[in-house]
Each structure stands twice: as C-alpha cells, then as structure tokens.
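Residue-level structural notes
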Number of protein chains: 2
Amino acid sequence: MENIFKLPYEVVYYDTDVKKRMTLERLVAVCVLVSEEQSTFVGRDAAYLAPLNLGWVITQYEMDFVRMPILGEKLEFLTQATSWNKYFCYRNFWVKDAKGEVIIEMSATFVLMDLTERKLKSVPENIIAPFGGYKENKIKRSPKLPALNATDFLPYRVRYFDLDSNQHVNNSHYFSWMLDALGADFLNAHEVKKVTIRFDKEVAYGQEVQSYVEILDDGSTLHEIKEGPDLFANAQVWWQDRA
Amino acid sequence: MENIFKLPYEVVYYDTDVKKRMTLERLVAVCVLVSEEQSTFVGRDAAYLAPLNLGWVITQYEMDFVRMPILGEKLEFLTQATSWNKYFCYRNFWVKDAKGEVIIEMSATFVLMDLTERKLKSVPENIIAPFGGYKENKIKRSPKLPALNATDFLPYRVRYFDLDSNQHVNNSHYFSWMLDALGADFLNAHEVKKVTIRFDKEVAYGQEVQSYVEILDDGSTLHEIKEGPDLFANAQVWWQDRA
C-alpha cells in the first residue's frame, strides 16, 4: 500500500501502568508522534503550518484492540492518510507486534484550526495532498453514543503541563481523565477492547472539568468530560477481561 | 571514563510545554530510562530484582541546568554509577546537546526497597558491583532546605495512571505537582536553573496531597508535597529568566 509511514517503538516503563500494559494516553501520544513524523517527511510539519497560523486538531477516534501492548514489547506503528473533504481529513493507524500481527487498529479525524481564532478552517489542497489519499465529498458520520445518565464524576483541573506547544490541551490527556474515573478495581480487572471518542470543544488552562462515567448493562462504559452543562468530549469504551 | 552508559534521545512534542521546552517531568523520566537500560545492559534489571522482591527507589536529586532542551533537539543522556555504601547508591546523569556541550548535570541517590514491606534494604554487593563505581562508608549529606512558611497550596489527587509497575507513584510526577502550583505566568517567564529535591515517603493511589509553594526573596522557590502534617517530598528550585 502507498503512503504508509512506519515508526518502530519499544514500550518502556513510562508508557505502562501497574499491570505493565501500555496506557491509552501513551498509545495515542505515540500515534500522534508517528503522524507528526510523516508530516515532517512530506514537508508539511508544524513549521510549514506556523506562518499560516494553522495547526492540526483531532476530533475523533475509533479504536479496536486485540490486546494492549506490554512493557518491553517492540512494536511498529503505521499510519496512512486515507481521504479528505472540505473540512475533515481521515487517517488510519495500526500497531503491529514483533510477530507482525496487527494488535490495534484506529481511525482518526483531523481538522485544521486557526491557532488564534481557534476556529475550523477548510483544508487547502497544497497542505493535504502530499500525504497521499484522495479527495471525496463524503463525510464520515461518527457512531452516535447513548446518552449518559450518571451523576457520578471526578474533577480534573487542567494543569500547566497538560498544554502543548499549540497552547492546546493534548487530546491524549482526556483518556486518562475518562478512565481514571473508573477506579483501580475496574481498571486492574479489565482491558480496553474498543473505543469511540469525540472531542467537541477545547478545554483551557485552569479550567476544572468533570469526568462523568456510567457502566452500561452490556459492560461497556460511557464517558463525558464536561464543565457544568458544556460538553468537551464524550466516549464509549468496550472492555475485555484482563488476559 | 569507565562504566558510562549513553542513550541518544530526541525531544518530541509530548516531552515539551507551551514554550516548546522539555518538562522536568519528562527529563527525569528519560534519565530513569537510561539508568534502566544500563541495568539491563549489566544484567541487573527489574527481572533480576523481582525474585528478591526488591526495587530501586530514588530518594534525592541535585540538578544544575545551563538550559532546558527544546523541541526537536537531538540529545545524548549519559549516566554513571559512582559509589555506594550500606544503604545508598549514588549515580550521576548528564545531558549533552548536539554540539556535545553538557547542558544539564544531575546527581541522584538510589535505595533498594522491599516491594512488599516498602522498607529500605541494605544493598548486596552482587546487585550493585556490576555497575562499576566503588564502595565507601561515606554518606553524602543532602543540602538542608529552608523551612517553608506558606499556607498556599493546590491539591493533587494521585491517579491510577500515576502508578508504575512497582505499584509506586513515579517520582517524576512530583515535579509536575510542585511546578504546576506556581501557575502559568511564573512558568512562562522562568526556566529552571538548579533543583534540590528529596523524596521522604511514598504517596499512594487515591491520596490527595497538597502542593505548597513559597517564593523566597532571592527568587528561588520552596516546595512541599504534604498530606495534612505528613511530608512526602520537598524541594528548592532556583530560576533563570527565560532565554
């Protein structure tokens, strides 16, 4: 296949949790790194976007897991830009283990944002075309998540070191806010099988958000990151028993 | 020099803050990685210690900075075990930039802990000797820190993903708790020049600690991580204006 970009990555101690499994936060951080490396490779990195006052923001992930990588595993991260339309760019990620087996598949939606106005911009062909893929008018509809009815939440204050050089809270932190609210007993006994997550609005430094969580009858969990009535991100996570 | 272990490391986006500087938390995380890689290299890794129910814990750092590394820099991390006595093992770290200039120097004190009792154990020669260095009876006294009188603090709840596979809150998180409490205006305008930090007691999952901070007349800052009257870690940080 064309335009697939690859990066080897070994899972080290700071990627893992008490069970020696890679965390979702670190997994997503490395995926974003791979897409950044591809941006550099095709000459469309942050330095190219900076004079245009533009930056990429991820609005959605769909993820499927055979299993989570564990401490010491030698992985290969792969990514491919697939298609784009006026506002949305679609990209896939895969994680292969040392045997070459795909253990994680992800699809992500990227948008271009004006870094001052924090508003969506249409995607110029000269920025996206070098990645490969094709233009089409079709907009991918994201799966609709069930309403969350729980009133239980834990608060998370946005910290200085949660911000990245886009002055933006890196999306990877939302995963930790969402999952931490499930508590150690649940997280020790379960491992992620499937995730749908949507990022609606940006949280800002100093805000204190509420991470709501509800366990559904089918064992999946619903998550919302809110501040009062404002929804910033929501997700549904399906689980498997820890191997 | 003998027994120096080296690791190249490129500073990527998730290592850096809003000013594109490497964070203290990530710097320390990479230092620990380098010492872990050396442990593997000399055949004294976590798997060797596990049947003995032992793990390394860092109790203290002294750090001197010419400057913080920035996004995209290609660094070399170096470490050397220097000396040990009955309970304490001393190790140095250096960070060199692409020109080969040392921009950071650190000394660290390691102890061996029984992972069940969470108690200090004396250091067996067969565990420490392979790293090189020499045994001496001298115990290094750490600089005494001034008393902190401030009553201002921010609370930090220990999260599930703060724990590492030793069921221990990784020390690197204390740096973020301490510095975050200074606020964005201070952190945007200043860069770390020198740090003395001591880790006294382990915090546990679910605990909520208070991060106290006081700015002294000389511009340095004092930090304490406490839960009520119990002190878990304290530090003094000297600053330079941001270049």
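Residues numbered from 1 in each chain as written. Chains lettered and ligands numbered in written order. Predicted model: local features only at pLDDT ≥ 70, side-chain atom pairs only at ≥ 80, totals over all residues. Heavy atoms only, no water.

Focus: the relation of the copies chain A and chain B
Related by rotation about an axis and a shift along that axis, the two copies of the chain form a pair. Expressed as a screw transformation, the operator carrying chain A onto chain B has a rotation angle of 180 degrees and an axial translation of 0.0 Å, and the superposed copies differ by an RMSD of 0.0 Å. Such a combination of turn and shift is consistent with a two-fold rotation axis. Within chain A, the C-alpha atom positioned nearest to the axis of rotation is that of tyrosine 156 of chain A, 4.6 Å from it. By residue overlap, the copies meet face to face through one surface: 100% of the interface positions of chain A are interface positions in chain B. (Least-squares fit on C-alpha atoms with pLDDT ≥ 70 in both. Contact = heavy atoms within 4.5 Å.)

Section: the interface of chain A and chain B
At the junction of the two partners, chain A supplies 39 residues and chain B supplies 39 residues. Roughly 3,500 Å² of surface becomes buried between chain A and chain B when both sides are summed, with 56% attributable to carbon and sulfur atoms. When the area that chain A buries against chain B is broken down by residue, the three leading residues are Tyr13, Tyr160 and Phe161 of chain A, summing to 24%. Remark: the boundary between chain A and chain B carries 2 salt bridges. The salt bridge partner of arginine 157 of chain B is aspartate 180 of chain A, with a shortest N-O separation of 3.8 Å. Connecting chain A to chain B are 14 residue pairs in polar contact (both at pLDDT 80 or more). (Buried area = accessible area lost by both parts, 1.4 Å probe. Salt bridge = Lys/Arg side-chain N within 4 Å of Asp/Glu carboxyl O. Polar contact = N/O pair within 3.5 Å; in protein donor to acceptor, adjacent residues only side chain to side chain.)

Some remarks on the packing of aromatic side chains
Inspection of every chain in the model, using the stated rule, returns 28 aromatic pairs over all chains. Aromatic pair tyrosine 160 of chain A and tyrosine 205 of chain A: ring centres 6.3 Å apart, planes at 85 degrees, arrangement edge-to-face. One end of the pair, tyrosine 160 of chain A, is in the loop between strand E8 (153–157) and helix H4 (172–180); the other, tyrosine 205 of chain A, is in the loop between strand E9 (190–199) and strand E10 (208–215), and 45 residues separate them in sequence. Looking at tyrosine 160 of chain A, the relative accessible area reads 1%, which means it is buried. Relative to tyrosine 212 of chain B, the ring of phenylalanine 153 of chain B lies with its centre 5.2 Å away and its plane at 55 degrees, an arrangement referred to as tilted. (Phe/Tyr/Trp six-rings, centres within 6.5 Å; stacked < 30°, edge-to-face > 60°. Helix = DSSP H or I, 4+ residues; strand = E, 2+ residues; numbered from the N terminus. Buried < 20%, exposed > 50% of the residue type's maximum accessible area, 1.4 Å probe, protein only.)

Section: unusual backbone geometry
A positive phi angle, close to 60 degrees, is found at asparagine 53 of chain A, a residue other than glycine. Residue position: asparagine 53 of chain A is located in the loop between helix H2 (46–49) and strand E2 (54–65). One non-glycine residue, arginine 118 of chain B, lies in the positive phi region at around 55 degrees. Inspection of the secondary structure puts arginine 118 of chain B in the loop between strand E5 (102–114) and strand E6 (119–121). Classification of arginine 118 of chain B by relative accessible area gives partly exposed; the value is 27%.

So, the pairing of strand E11 (residues 221–227) of chain B
Across a regular strand the side chains alternate sides, sitting on one face of the sheet and then on the other. Residues and elements named next belong to chain B. Counting buried residues in E11 gives 5 out of 7 residues, a clear majority hidden from the surface. For E11 and strand E12 (residues 230–241), the ladder comprises 7 bridges, and the chain directions are antiparallel. Its bridge partner being in E12, glutamate 227 is matched across the sheet by aspartate 230. In this antiparallel pair of consecutive strands, E11 and E12, the connection spans 2 residues, and glycine 228 shows a positive phi of 60 degrees. (Pairing = 2+ DSSP bridges.)

Points about the pairing of strand E3 (residues 74–84) of chain A
Residues and elements named next belong to chain A. Taking burial as the measure, the 11 residues of E3 include 9 buried ones, the bulk of the element. As defined by bridge partners, strand E1 (residues 5–10) adjoins E3 across 6 bridges and the pair is classed as antiparallel. Paired with tyrosine 9 across the strands is leucine 75, a residue of E3. Note: E3 against strand E7 (residues 134–135), 2 bridges, orientation parallel. If you follow tryptophan 84 over to E7, its bridge partner there is lysine 135.

Examining the pattern of salt bridges
The final tally for this structure, using the stated rule, is 20 salt bridges over all chains. Note that glutamate 117 of chain B and lysine 121 of chain B form a salt bridge whose closest N and O atoms lie 4.0 Å from each other. Under the relative-accessibility criterion, lysine 121 of chain B is labelled partly exposed at 32%. Put simply, Arg67, Glu73 and Asp97 of chain A are held in one network by salt bridges that share partners.

Describing helix H1 (residues 24–41) of chain B
All names here are of chain B. The first and last C-alpha atoms of H1 sit 26 Å apart over 18 residues, in line with the 26 Å expected at 1.5 Å per residue. The buried count for H1 comes to 14 of 18 residues, which makes it a mostly enclosed element. Immediately downstream of H1, the backbone of glycine 43 shows phi near 75 degrees, a positive value. (Expected span 1.5 Å × (residues − 1).)

Examining the nonpolar core
The tendency in soluble globular proteins is for nonpolar side chains to be buried as a group. Ranked by size, the top nonpolar core spans 143 residues in total, and within it Leu24, Tyr61 and Phe77 of chain A together with Leu24, Tyr61 and Phe77 of chain B carry the most contacts. Non-local contacts of tyrosine 61 of chain B, meaning those with residues more than four positions away in its chain, are made with Val28, Val32, Phe93, Met106, Ser107, Ala108, Phe175, Val195, Thr196, Ile197 and Phe199 of chain B. (Core = buried A, V, L, I, M, F, W, Y, C linked by side-chain atoms within 4.5 Å.)

Observations concerning the packing of H1 of chain B against helix H4 (residues 172–180) of chain B
Residues and elements named next belong to chain B. Between H1 and H4, whose axes approach to 8 Å, the crossing angle comes to 170 degrees. Between H1 and H4, the angle falls in the class roughly antiparallel. When the axes of H1 and H4 are compared, the crossing they make is right-handed. On H4, the residues touching Leu24, Glu25, Val28 and Ala29 of H1 are Ser172, His173, Phe175, Ser176 and Leu179. A class-by-class count of the residues in the contact of H1 with H4 yields 5 nonpolar, 3 polar and 1 charged. (Axes fitted to C-alpha atoms, helices over the stretch in contact; angles between N-to-C directions. Parallel < 35°, antiparallel > 145°, perpendicular 65-115°, else oblique. Left-handed = near helix turned anticlockwise from the far one by under 90°. Nonpolar A, V, L, I, M, F, W, Y, C, P; charged D, E, K, R; others polar.)

Examining the confidence of the model for chain A
Summary statistics for chain A give a mean pLDDT of 94 and a share of 99% for residues scoring 70 or more. Prediction confidence for the complex, expressed as pTM and ipTM, is 0.94 and 0.93 respectively. (pLDDT = per-residue confidence, 0-100.)

Concerning the side chain of aspartate 164 of chain B
Looking at the element boundaries, aspartate 164 of chain B is found in the loop between strand E8 (153–157) and H4. Buried and without a salt bridge, aspartate 164 of chain B has arginine 118 of chain B as its closest oppositely charged side chain, separated by 6.5 Å. A distance of 3.3 Å separates a polar atom in the side chain of aspartate 164 of chain B from a polar atom in the side chain of asparagine 170 of chain B. For aspartate 164 of chain B, the contacting residues outside a window of four places in its chain are Asp17 and Val18 of chain A together with Asn170 of chain B. (Lys, Arg positive; Asp, Glu negative; His and termini not counted.)

Overview of the environment of aspartate 64 of chain A
All names here are of chain A. Mapped onto the secondary structure, aspartate 64 falls in strand E2. Separated by 41 residues in sequence, aspartate 64 and glutamate 105 have C-alpha atoms that sit 5.2 Å apart. Beyond its immediate chain neighbours, meaning those up to four positions away, aspartate 64 contacts Ile103, Ile104, Glu105, Lys193 and Lys194.

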